[in-house]
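Structural features, examined
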Amino acid sequence: MTLLDPSLTKIVLIINLFAVQCLLGVPTDQARIDALLEKMTLAEKVGQMSQYNLGSQDRDVSESDVRNGMVGSFLNAGDRESKQRLQQIAVDESRLGIPLIFGRDVIHGYRTIFPIPLAQSASWNPELVKAAAAVAAREAAQMGIHWTFSPMLDISRDPRWGRIAESPGEDPYLGTLMAKAMVEGYQGNNLDDPNTIAACAKHYVGYGAAEGGRDYNTTWIPEQYLRNVYLRPFKAAVEAGVATVMTGFNDLNGIPASANVFTLRQILRDEWKFNGFVVSDWTSMTEMILHGFCVDTADVALKSAIAGVDMEMVSHSYQMYLEQLVNEGAINIKLIDEMVANILGVKIKLGLFENPYPPAEDKQVLLHADHLSTARQLAAESMVLLKNEGQVLPIQPSVKRIAIIGPLADDGDAQIGTWAPDGRGEDAITPLAAFKVIESANLKIEYVAGLEHPRSTSTSGFRKAVKAVKKADLAFVFVGEDELLSGEAHNRAFLSLPGAQAELIAEIIKTKTPIVLVIMAGRPLTITEYISECEGVIYAWHPGTMGGPALVDLVTGKSQFTARLPVVLPRTVGQIPLYYAHMNTGRPATKDMLGIPQGTPQDPIAYLSYYLDADYTPLFDFGFGLTYSTFEYSKLELSSREMKSGETLTASCTLQNTGNSKAIETAQLYIRDRFGSLTRPVKELIGYQRIELNPGESTRVVFELSESDLAYWKQDLGFGAEAGEFHLMVGSSANDDDLLLSKFNLVTE
Ligand code: BGC
């Protein structure tokens, strides 16, 4: 017997399946699409390409429009019954019975809310992120949702931008891992499984680079930079089989994303062979008139169709003008057929023709105990421990009285965070509620909000808060942003704590009671001035439904801190944009330029790239996060000083748990391409491993590298690695002080 190569076996199986289908007369997807296209009128084709928002924010759409085949999809189509009714009209009462596809923003959970996506990225745990997406899919599918507008994959290096909360953070490598995890989580192995939903990679592309962090703003991204950074998570999503892609609101290098032939046709379709469908973002198509790119609505329809936007969300230029454009000969009907085929293809894959209705109602699905437990685990794995002086955490047995301060300690809505339209604040178990569970005769918990709301400016509640802290052995002070300060269009020009929260901290610091600062926020905030006086600092983001228990698990030592920053935390807003993978410049700042005194000096201390009035480094670097133990990296060794094309190189180092508790360390691998046809970042993450070690235990951490790990989009726009010197760094964060360094040469032909 000869054994076939696995990929060949797969091809043989597919061919066999095709043959069996033909023999049995089961039509292939393509045959089903062709048969439908044959029967469809042009108006019905345009109907498939039109998506309506049910409710007040769109033009009126009636049941008879559905009956007449004028609607291909709804977003926000109401409860199960409402969707069921609309679907029944589409399936039973429209001429061709083509089912509707219902979309919804299921961004970080449906009813069980997980941490915001930026926080999920902080877990550096794609498997867990995938499990969370699978839970979200199960809950959403139960409610008749077929399609989520997630994952959001906009690399963001500007925390002023409110949508950084929805993003995977600043790093393309981490972004690709999150992209794959979320797509696989939502879509499972089979889109027609009743527990899976179609994913949507958005916002294609470059949206996260909005000027000044102002949402919807202009983006200028040279092609190499676009490919090396912004496109990578999208490519990963396409490789993972994402069913749909959403265009962004932004104008990319002068061409709005919804009419961008280069990104939509050349890259997405021709290079990546994406075979799902493209949807525009909410009115992003007709906004091209305001961009000054399209002269009128007909022009919008023409340019978007040419670029390959298959479905229009909310604005209705297609509905108004596509027929006319085809009849005038401006658009070839073949183009329309292709676009409709893309949409029908996804509907077929979802099994909507066979099972158009939601699964039988099961009241146990939403907020199921298993879902809450995944949410609790992900929340715990997303909270980053930034400071733990004198081992203030985990809470010591000597602590008999804890003061909980700050309105964010007991604010379900803030805990849920942005973009969770089906999440409910009242489902959230807040930190206060979770602390109350561990209250005992030996441990008293006293809560004083101190402020009515995180944005309040009245200091009238301070006295009571200070009194409670004075009586306590330890204070947890919750500060940050409520859910309305991040998300779409919720940009900030100041990244300091809103309201009188900074003053509240200052008053509490005076008590001398040890303080653990817990920051809840949708973005990096500038916390420089508060942290030196606090013993502990935890960055908790908006942690979702189970954020409270997750936090208490961590601070009591029931679970361990493992999270790492997926973005740098700047010292001050004036440093933005600030990210670890920057270029070196010809005049890089030197290490001794830290700690420049307050105030602006008259003369620069050197003609280098730095600030007169602030350090040039971030407050905390990308990849940083403490555990309850300490780790030491040593003896970095390479298998060779040379890597030849086609060969692999092994880098290994010793990692030892030098602390007193079992902990998980995230060992990170960075490279720097020293000389390129384009200048290259000072370091780029290309791998990491999460390793659990007992106190005193040590291990060799081994990374294998190949030429493809060194490849990038070069000056000539070819993709590949360039011969020459590389730095290889292994350690616990992107900060040079946390990294061991070695060097090798890549030798190509
Ligand atoms: C957002 C998208 C979202 C869409 C539908 C838009 O405003 O930019 O991310 O999916 O609305 O709600």
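Structure's up top.
Residues numbered from 1 in each chain as written. Predicted model: local features only at pLDDT ≥ 70, side-chain atom pairs only at ≥ 80, totals over all residues. Heavy atoms only, no water.

Turning next to the pairing of strand 11 (residues 384-388). With 5 of 5 residues buried, strand 11 is to be regarded as a mostly interior element. The pairing of strand 11 with strand 16 (residues 536-539) spans 4 bridges and is antiparallel. Its bridge partner being in strand 16, Leu-385 is matched across the sheet by Ile-538. (Buried < 20%, exposed > 50% of the residue type's maximum accessible area, 1.4 Å probe, protein only. Helix = DSSP H or I, 4+ residues; strand = E, 2+ residues; numbered from the N terminus. Pairing = 2+ DSSP bridges.)

Position of Lys-714 relative to the elements: it lies in the loop between strand 23 (712-713) and strand 24 (719-720). Put simply, Lys-714 is tucked away with no salt bridge, and the nearest opposite charge, on Asp-716, sits 4.7 Å away. Those residues in contact with Lys-714, other than ones at most four positions away along the chain, are Gln-224, Ser-677, Leu-678, Phe-719, Gly-720 and Glu-722. (Lys, Arg positive; Asp, Glu negative; His and termini not counted. Salt bridge = Lys/Arg side-chain N within 4 Å of Asp/Glu carboxyl O. Contact = heavy atoms within 4.5 Å.)

A few words now on the pattern of salt bridges. All told, the structure shown has 38 salt bridges when counted by the stated rule. Notably, a salt bridge pairs Arg-680 with Glu-684, separated by 3.0 Å at the nearest N-O pair. Accessibility assignment for this pair places Arg-680 and Glu-684 in one class, buried. In this structure, a network of salt bridges that share partners links the residues Arg-80, Glu-361 and Lys-363.

Tallied over the full model, the rule gives 20 aromatic pairs. Summarising the aromatic geometry, the rings of Trp-124 and Phe-622 are spaced 5.4 Å apart at their centres and angled 45 degrees between planes, so their arrangement reads as tilted. Of this pair, Trp-124 sits in the loop between helix 6 (117-122) and helix 7 (126-142) while Phe-622 sits in the loop between helix 22 (547-555) and strand 17 (631-638), and the two are 498 residues apart along the sequence. Among the residues examined, Trp-124 registers a relative accessible area of 1% and is labelled buried. Judged by relative accessible area, which is 0%, Phe-622 ranks as buried. With centroids separated by 5.3 Å and ring planes inclined at 70 degrees, the aromatic side chains of Tyr-204 and Phe-234 adopt a geometry described as edge-to-face. Taken as a pair, Tyr-204 in strand 5 (residues 200-204) and Phe-234 in helix 10 (residues 232-239) lie far apart in primary sequence, 30 residues in all. Here the two residues Tyr-204 and Phe-234 agree in accessibility, since each one is buried. Positioned above the aromatic ring of Trp-713 is the side chain of Arg-227, whose terminal nitrogen or guanidinium carbon lies 4.4 Å from the ring centre. (Phe/Tyr/Trp six-rings, centres within 6.5 Å; stacked < 30°, edge-to-face > 60°. Lys NZ or Arg CZ within 6 Å of the ring centre and 35° of its normal.)

What follows deals with the site of the ligand. The local shell around the ligand holds 13 residues, among which Asp-105, Arg-163, Lys-202, His-203 and Asp-281 are the closest. Taking Arg-163, its side chain carries an N or O atom lying 2.7 Å from an oxygen atom of the ligand. Within the side chain of His-203, an N or O atom sits 2.7 Å from an oxygen atom of the ligand. Out of a free accessible area of 310 Å², the ligand has 95% covered by protein chains. In the shell around the ligand, the residues fall into 7 nonpolar, 1 polar and 5 charged. (Near = heavy atom within 4 Å. Polar contact = N/O pair within 3.5 Å; in protein donor to acceptor, adjacent residues only side chain to side chain. Areas by Shrake-Rupley, 256 points an atom, 1.4 Å probe, with all protein chains shown as cover. Nonpolar A, V, L, I, M, F, W, Y, C, P; charged D, E, K, R; others polar.)

Our next topic: the pairing of strand 21 (residues 684-693). Both faces of the sheet carry side chains from a regular strand, because those side chains alternate between them. Most of strand 21 is tucked away: 7 of the 10 residues are buried. As paired strands, strand 20 (residues 663-673) and strand 21 are joined by 9 bridges and run antiparallel to one another. Counterpart to Glu-665 in the pairing with strand 21 is Ile-691.

Tyr-204 and Leu-322 are the most contacted members of the largest nonpolar core, which has 110 residues in total. The residues contacting Leu-322, other than those within four sequence positions of it, are Val-46, Met-49, Ala-301, Ala-305, Ser-317, Ile-331 and Ile-336. Core analysis: the next-biggest nonpolar cluster, separate from the first, contains 45 residues, Ala-122, Ala-468, Ile-519 and Ala-521 among them. (Core = buried A, V, L, I, M, F, W, Y, C linked by side-chain atoms within 4.5 Å.)

Considering the arrangement of structural elements, one finds Ala-77 in the loop between strand 2 (73-75) and helix 5 (80-93). Residue class for Ala-77 comes out buried when judged on its relative accessible area of 2%. Between the alpha carbons of Ala-77 and Trp-161 there is a distance of 29 Å; along the sequence they are 84 residues apart. When near neighbours in sequence (up to four residues on either side) are disregarded, Ala-77 contacts Leu-54, Ser-82, Lys-83, Leu-86 and Phe-102.

Bringing the environment of Tyr-607 into the picture now. Summarising the element assignment, Tyr-607 is placed in the loop between helix 22 and strand 17. Spatially, the C-alpha atom of Tyr-607 lies 8.8 Å from that of Ala-589, the residues being 18 residues apart in sequence.

So, about the sheet that holds strand 5. The 3 strands lie next to each other as 5-6-9, forming an open sheet whose pairing is parallel. Of all strands in the sheet, those with a lone pairing partner are strand 5 and strand 9 (277-279), marking the two edges. Sheet twist, expressed as the average angle between the axes of neighbouring strands with direction ignored, equals 25 degrees. Where strand 6 (residues 244-247) and strand 9 come together, 3 bridges link them in parallel fashion. When the bridges of strand 9 are listed, Thr-244 appears paired with Phe-277. (Axes fitted to C-alpha atoms, helices over the stretch in contact; angles between N-to-C directions.)

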